[in-house]
Amino acid sequence: TDLLSVTLNRLTLKNPILVASGTFGYAREMQPFLDFSKLGGIIPKTITTEPRIGNPPPRTIETSAGLLNSIGLDNDGIDLFLEKHLNYLASLETALIVNIAGRSIDEMAVMASRLDAFGDQIAALELNISCPNVSGGVDYGTQPELTEKMLKQVTESCQLPIIAKLTPNVTSVVDIAQAAAAGGADAVSLINTVQGTAIDWRRRKPILGGIFGGLSGPAIKPVALRVVCQVARAVEIPIIGVGGISNIDDVMEFIVAGASAVQIGTANFYNPGLATQLVGELEQVVLEEKCAHVSELVGSLVYPE
Ligand code: DOR
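Keep in mind that what you see is a predicted model, and the values were worked out from it rather than measured.

**Student:** Any chance you could explain helix 4 (residues 144-157) here in plain terms?
**Tutor:** Given 3.6 residues to a turn, an α-helix orients residues that are three or four positions apart in the same direction. Between its terminal C-alpha atoms helix 4 stretches 20 Å, which fits the 20 Å expected from 14 residues at 1.5 Å a residue. For helix 4, the complete set of buried residues consists of Thr147, Glu148, Met150, Leu151 and Val154. Angular distribution of buried residues about the axis of helix 4 spans 160°; they occupy a single face of the element. Facing away from the buried side of helix 4, by more than 90 degrees, are the exposed residues Glu145 and Glu156. Elements in contact with the buried residues of helix 4: helix 2 (105-116), strand 8 (124-128), helix 3 (139-142), strand 9 (162-166) and helix 5 (173-182).

Right, here's the structure in full:
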């Protein structure tokens, strides 16, 4: 029986467990470790119009509080993506959600309309309007007016379902999520990484080549849960929860907080098989909770009066 299917407006997935952009490459390297067809979907690393070399090294470090990265959207660009990766990714018997970033609204809309032509291979687009590591990369995700304008233009340029991935590095994620909903987004992914840095005090130097970076992993789960709770209570839009998920209890916390689906990110680096394992565990929990469908658990958190 179907306990786990999810519908995020125009996007339907066989289950709510996805792998987060930037933590799964273009899937090829992960093939030995898991059965892709068990996943709800795969979100490959952000692509941009032109190839990018990213920030100087070091670009990732493990701190005692989590992983810090300043990759800077290193990627081969959309042409090589279409040429080298799309057919492989589309062959994987799971939903392919292509993550894109543009430096302007027009650039994002042009990328979306190019990808629209591959609508038979792509389930949805995720707009990265929240990368902390490129200059100008977050404007569209930190100003509600620009977020709405971006979403409107992209949804006009493209028939595919659209997910907006939002940054936690703002005063009110609720305002940005509201703007994404007003612009026609099918769902929001909450959250991208939390801005941070690391310092080698003896050398009097920042450690990351990019100086500042994005913190991920279990350290940011409370931040992500807080944002999911806030948006779930204030905005009518499906939520994909992401931030520090490393076991089934983490998944359930996001679901009861209001996430219809979740993304596994940093944990993929430590345990590539985790995401598929969580699909089975989620099915068990739904049965144990005597629910006919996982959707009964979404947003079931009870707040004190
Ligand atoms: O933490 C992040 N790092 N978030 C992004 O959206 C992109 C990535 C990078 O490439 O720097």
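**Student:** Can you help me understand the site of the ligand in this one?
**Tutor:** Neighbouring residues of the ligand: 14 residues in total, closest Ile71, Cys131, Asn133, Thr193 and Gly214. Here the shell around the ligand is composed, by residue class, of four nonpolar, ten polar and no charged.

**Student:** Just to check I follow, could you spell out the sheet that holds strand 6 (residues 66-69) for this structure?
**Tutor:** Spatially, the four strands line up as an open sheet ordered 5-6-14-11, and their pairing is antiparallel. What marks the edges here is a single partner per strand, and that holds for strand 5 (60-63) and strand 11 (194-197). Each strand of the sheet is rotated relative to its neighbour by a mean of 40°, with strand direction disregarded. Relative to strand 6, strand 5 runs antiparallel, the two sharing four bridges. When the sheet's bridge partners are listed, Thr63 is paired in strand 6 with Gly66.

**Student:** Help me understand the sheet that holds strand 15 (residues 239-242) in this model?
**Tutor:** In a beta sheet, neighbouring strands pair by backbone hydrogen bonds and run either parallel or antiparallel. One closed barrel accounts for eight strands, arranged 3-4-7-8-9-10-15-16; its pairing is parallel. As paired elements, strand 3 (residues 17-19) and strand 16 (residues 261-264) share three bridges and run parallel to each other. Note that in strand 16 the partner of Val19 across the bridge is Ile264.

**Student:** Teacher, can you tell me more about the packing of helix 2 against helix 4 here?
**Tutor:** The geometry of a pair of packed helices is captured by two quantities: the angle between their axes and the separation between those axes. In the contact formed by helix 2 and helix 4, the axes pass within 8 Å of each other and the chain directions differ by 25°. If you check the angle between helix 2 and helix 4, you find them roughly parallel. Between helix 2 and helix 4 lies a crossing of right-handed hand. Of helix 4, the residues touching helix 2 (which contributes Ile105, Met108, Ala109, Ala112 and Ser113) are Lys149, Met150, Gln153, Val154 and Ser157. Looking at the contact of helix 2 with helix 4, its residues break down into six nonpolar, three polar and one charged.

**Student:** Whenever I open this one, helix 6 (residues 221-234) confuses me. Can you help?
**Tutor:** If you check helix 6, its first and last C-alpha atoms are 20 Å apart, about what 14 residues at 1.5 Å a residue would give, namely 20 Å. When helix 6 is considered as a whole, its buried residues turn out to be Lys221, Ala224, Leu225, Val227, Val228, Cys229, Val231 and Ala232. Each element contacted by the buried residues of helix 6 is listed here: helix 5, strand 10 (187-190), strand 15 and helix 7 (248-257).

What counts and how
- Residues numbered from 1 in each chain as written.
- Predicted model: local features only at pLDDT ≥ 70, side-chain atom pairs only at ≥ 80, totals over all residues.
- Helix = DSSP H or I, 4+ residues; strand = E, 2+ residues; numbered from the N terminus.
- Expected span 1.5 Å × (residues − 1).
- Buried ≥ 20, exposed ≤ 12 C-beta atoms within 10 Å, placed from the backbone.
- Arc of directions from axis to C-beta.
- Contact = placed C-beta atoms within 7 Å.
- Near = placed C-beta within 6 Å.
- Nonpolar A, V, L, I, M, F, W, Y, C, P; charged D, E, K, R; others polar.
- Pairing = 2+ DSSP bridges.
- Axes fitted to C-alpha atoms, helices over the stretch in contact; angles between N-to-C directions.
- Parallel < 35°, antiparallel > 145°, perpendicular 65-115°, else oblique.
- Left-handed = near helix turned anticlockwise from the far one by under 90°.

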